[in-house]
Amino acid sequence: MITSLFLDFLVISLTTSLVIIGLILLRPMLRRHYSAKWSYWIWLILTLRLLLPFNFSFTNPPVAIQIPEGQGMAAVFQGTPSQNLQADPSVITQTAQAGNVSHIPSILDILAFIWLAGAVLFLAYHLLSYFFFRKQALRWSNPILGENIVTKLKQVSKEMNVTASIPVLISSKVPNPMLMGFYKPALFLPHEQYSDEELEFILKHELVHYKRLDIVYKLLLQIVQALHWFNPFVWLMTREAAHEIEIYCDDTVVRERGAAYRKKYCEAILSVMQSSATRHVALSTNFAGGKHSMKQRFGSILNMKEKRNGVGAFFTVIMLVGVTAILAACTNLNGQSTDKTLKPGTIYSYSSSGEQVVVHNAGNEYSVDENGNVSVSYREGEIQAPTPLKLDTTGTEMGMGRGETGFFISEDKTAIVYGFADGKESPLQVLISDNMGETWNTYNIEGAKGYDTKFIGFTDKQNGWIVSGGSAGVGRSLNYVYLTSDGGKTWTEIGNPNDLYAESLTGAGFSSKDIGFLGFRYYEDNGPVIYWTKDKGQSWEKLAVTLPDVFNDYQKTPLSPIFNGKEGLFPILLTKEGNTIGTIYLSSKGYGLEWTYDSAYDQLEDSK
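What you see is a predicted model, and the numbers here were worked out from it, not measured in a lab.

## What about the overall build of the protein?
A tally of helices and strands in the protein yields 11 helices and 33 strands. Taking as baseline every contact in the protein between residues at least 6 positions apart, the subset at least 24 positions apart corresponds to 62%. Split by element, the accessible area of the protein, about 28,500 Å² in all, is 55% carbon and sulfur.

Written out as structure tokens, the structure reads:
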């Protein structure tokens, strides 16, 4: 989860930087022609964008940035599948220790941890500095004694329509007048020796900040800087935004005022600056500022030239932010979509003799020890994760045997379906992990049926399917199909082909939430017998399969189809007189709506 969040923020940071760079390069021209108001709101829009860890995504993003993950994606559709069909892993005799998950972090995991640690340290430093400084300022503060300050505050508050009562304190710990605190702000003054004019300027300036919630704005800037501490352009943006907050405040105070008023306002700022050294404090606004920013502020205050509001420029930048959001959607780290797409999973099926086989090995597998404890491994054994599931190894507990349990094992989603489901008292159960076995959640499928052969899989992180079967007599089996759209938390039964064909399953799979396939053992003919739906189970029909005549004398058992997006393979197991000859494959380029035999994928014995 942390790694995924880091990737989201990294993409957002990189793409939004393009807008930041453009604005900083155009800054001199923009300041000449546009008021500070437009810059104030533009930086706020960019701040909010940098805070939101989400990207729109495309199924096939045009820009793919590869970052090493330690285990590449298995090549399912490039050349002949490499040992995709293999017997189920042998039983491991070592007992898994509950809760002992061996997770060797990848480079990306390490970078994500460094990013998170940097963000936490940055925020902790600034927040602790703020709380310590505020505590010191309050500790050494005194209530105001001069009646003129109280009177002036009431007068200015009334003039500016500020109804809230803001406490004003005198504290020797503050270097200059400042509004501090985002929950209960207070106005701190270093002393009371101000002229009426200076006091009016100070109060107006800080009340403008108060009305606009500028301290909240600055809090957002601090959080953005923490989350994007690795990006120097975000640091530039936060500095520029802090300057624009003060300039926009100055512009508001001197709006529609003459040159004399503006000059006196600048003199008041200079007077405050000369009385004490300025200091930057997080979550505060300062009437005075650093010498570097003063030149910019004075130039804006004394400039009486009418400037544009920047409505056109504002919407231009909004469009640019939208473009960068699309660019982020088109940018794919690790070759994976940033939305719901799923890394390939290890897929299981059953041979014509009922033996569980692996039809596609994605580098992940499960094992069962002598006591029935189930463990899962990822990335060719790099990560080992025990599960809370214990299967029956004695053959006495119906629905809980190894051959009666369905598995789908992907780095993004691991799902196990098990149990005796009679549709009444005993529900089917699903065990789900979204983080390679670090945590597991169990969900019941109330009313589910099926205790024998079970299949489970996901087409993306949210949409998945289950097919469970139960014996209905010699050579017959009733099968039930369930779908989920919330990652496996809830499941809904859809239509099944039992009225058309009720036999024992050997394979099952969906290419999307609408298109699914069920493969059956051969009985009356040599097969392959495949039923499919294009409308989420509302109707089923037999899939017409055309194969070369050379395969006519072989029994053909369809296994579970393998999908990677819209491309798919359908393995067909060939046997003759009880002997396995090999596997041939149908291929599809369009979610399984059309299948063609492709000899390039054949895995056959020489005796064919």
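Next comes the rest of the description.
## Regarding the sheet that holds strand β26 (residues 529-533)
Pairing within the open sheet is antiparallel, and its 4 strands lie in the order β24-β25-β26-β27. Of all the strands in the sheet, the pair left with one neighbour each is β24 (505-510) and β27 (541-542). In this structure, strand β25 (residues 516-520) lies alongside β26, joined through 5 bridges in antiparallel fashion. Looking at the pairing, Gly519 lines up with Ile530 of β26.

## Observations regarding the side chain of Glu198
With respect to the helices, strands and loops of the structure, Glu198 is situated in helix α6 (residues 196-211). Buried and unpaired, Glu198 has no salt bridge, with Lys264 as the nearest side chain of opposite charge at 12 Å. Apart from residues lying up to four places away in sequence, Glu198 is in contact with Gln193, Ala268 and Ser271.

## A few points about the packing of helix α1 (residues 2-25) against helix α8 (residues 232-254)
Interaxial distance between α1 and α8 falls to 9 Å at its minimum, and their mutual angle equals 50°. In terms of orientation, α1 and α8 fall into the oblique class. Pair α1 / α8 crosses with left-handed handedness. Contact residues: α1 offers Ser13, Ser17, Ile20, Ile21 and Ile24, while α8 offers Phe233, Val234, Leu236 and Met237. The class makeup of the residues in the contact of α1 with α8 is 7 nonpolar, 2 polar and no charged.

## Overview of the sheet that holds strand β23 (residues 492-494)
Strand order in the open sheet formed by 4 strands is β20-β21-β22-β23, and the pairing between neighbours is antiparallel. One side of each edge strand has no neighbouring strand; the edge strands of this open sheet are β20 (454-458) and β23. Going from strand to strand, the sheet's axes swing by 25° on average, the running direction of each strand aside. Relative to β23, strand β22 (residues 477-484) is paired through 3 bridges, and the arrangement is antiparallel. Among the inter-strand pairings, Tyr482 is bridged to a residue of β23, identified as Glu493.

## What about α8?
A rise of 1.5 Å per residue sets the reference length of α8, with its 23 residues, at 33 Å; its end C-alpha atoms lie 34 Å apart and thus fit the reference within 8%. At the N-terminal boundary of α8, the capping side chain belongs to Asn231, with an oxygen 2.9 Å from the backbone nitrogen of Phe233. Where α8 terminates, the next one or two residues include Glu256, which has phi positive at roughly 60°.

## A few points about the confidence of the model for the protein
Across the protein, pLDDT averages 82, with 82% of residues at or above 70. Looking over the protein, one finds the lowest element-wise mean pLDDT in strand β1 (residues 63-65), namely 45, and the highest in strand β14 (residues 406-409), namely 96. Under a pLDDT of 50 for its full length, residues 56-84 has, in the predicted model, 74 contacts with residues more than four places off or in other chains.

## Regarding a nonpolar patch on the surface
The grouping of Ile107, Ile110, Leu111, Phe113 and Ile114 at the surface amounts to a nonpolar patch, some 490 Å² of accessible area in total. Positionally, Ile107 belongs in helix α4 (residues 107-139).

## Quick word on the environment of Leu145
With respect to the element layout, Leu145 can be found in the loop between β3 (141-143) and α5 (147-159). Given a relative accessible area of 74%, Leu145 falls into the exposed group.

## Re helix α7 (residues 214-227)
Across its 14 residues, α7 extends 20 Å between first and last C-alpha, which sits within 8% of the 20 Å expected from 1.5 Å per residue. Of all 14 residues in α7, 11 are buried, a share of seventy percent or more. Every buried residue of α7 is accounted for by Asp214, Ile215, Tyr217, Lys218, Leu219, Leu221, Gln222, Val224, Gln225, Ala226 and Leu227.

## Overview of the nonpolar core
The biggest cluster of nonpolar side chains holds 34 residues, and the ones touching the most others in it are Val168, Leu189, Tyr265, Ile269, Phe287 and Ile301. Where this core is concerned, the elements lending two or more residues are α5, β4 (168-171), β6 (186-189), α6, α8, α9 (259-275) and α10 (291-302). Here this core gets 7 residues from one element, more than from any other, and that element is α9. Ignoring any residue separated from it by four or fewer positions in sequence, one finds Tyr265 in contact with Phe201, His205, Asp250, Val253, Val254, Phe287, Arg297 and Ile301. Residues Val19, Leu108, Trp115 and Ile245 belong to the second largest nonpolar core, which totals 33 residues.

Parameters and conventions
- Residues numbered from 1 in each chain as written.
- Predicted model: local features only at pLDDT ≥ 70, side-chain atom pairs only at ≥ 80, totals over all residues.
- Heavy atoms only, no water.
- Helix = DSSP H or I, 4+ residues; strand = E, 2+ residues; numbered from the N terminus.
- Contact = heavy atoms within 4.5 Å.
- Areas by Shrake-Rupley, 256 points an atom, 1.4 Å probe, with all protein chains shown as cover.
- Pairing = 2+ DSSP bridges.
- Buried < 20%, exposed > 50% of the residue type's maximum accessible area, 1.4 Å probe, protein only.
- Lys, Arg positive; Asp, Glu negative; His and termini not counted.
- Salt bridge = Lys/Arg side-chain N within 4 Å of Asp/Glu carboxyl O.
- Axes fitted to C-alpha atoms, helices over the stretch in contact; angles between N-to-C directions.
- Parallel < 35°, antiparallel > 145°, perpendicular 65-115°, else oblique.
- Left-handed = near helix turned anticlockwise from the far one by under 90°.
- Nonpolar A, V, L, I, M, F, W, Y, C, P; charged D, E, K, R; others polar.
- Expected span 1.5 Å × (residues − 1).
- Polar contact = N/O pair within 3.5 Å; in protein donor to acceptor, adjacent residues only side chain to side chain.
- pLDDT = per-residue confidence, 0-100.
- Patch = residues over 30% accessible without salt bridge, like charges linked within 9 Å, V, L, I, M, F, W, Y side chains within 5 Å.
- Core = buried A, V, L, I, M, F, W, Y, C linked by side-chain atoms within 4.5 Å.

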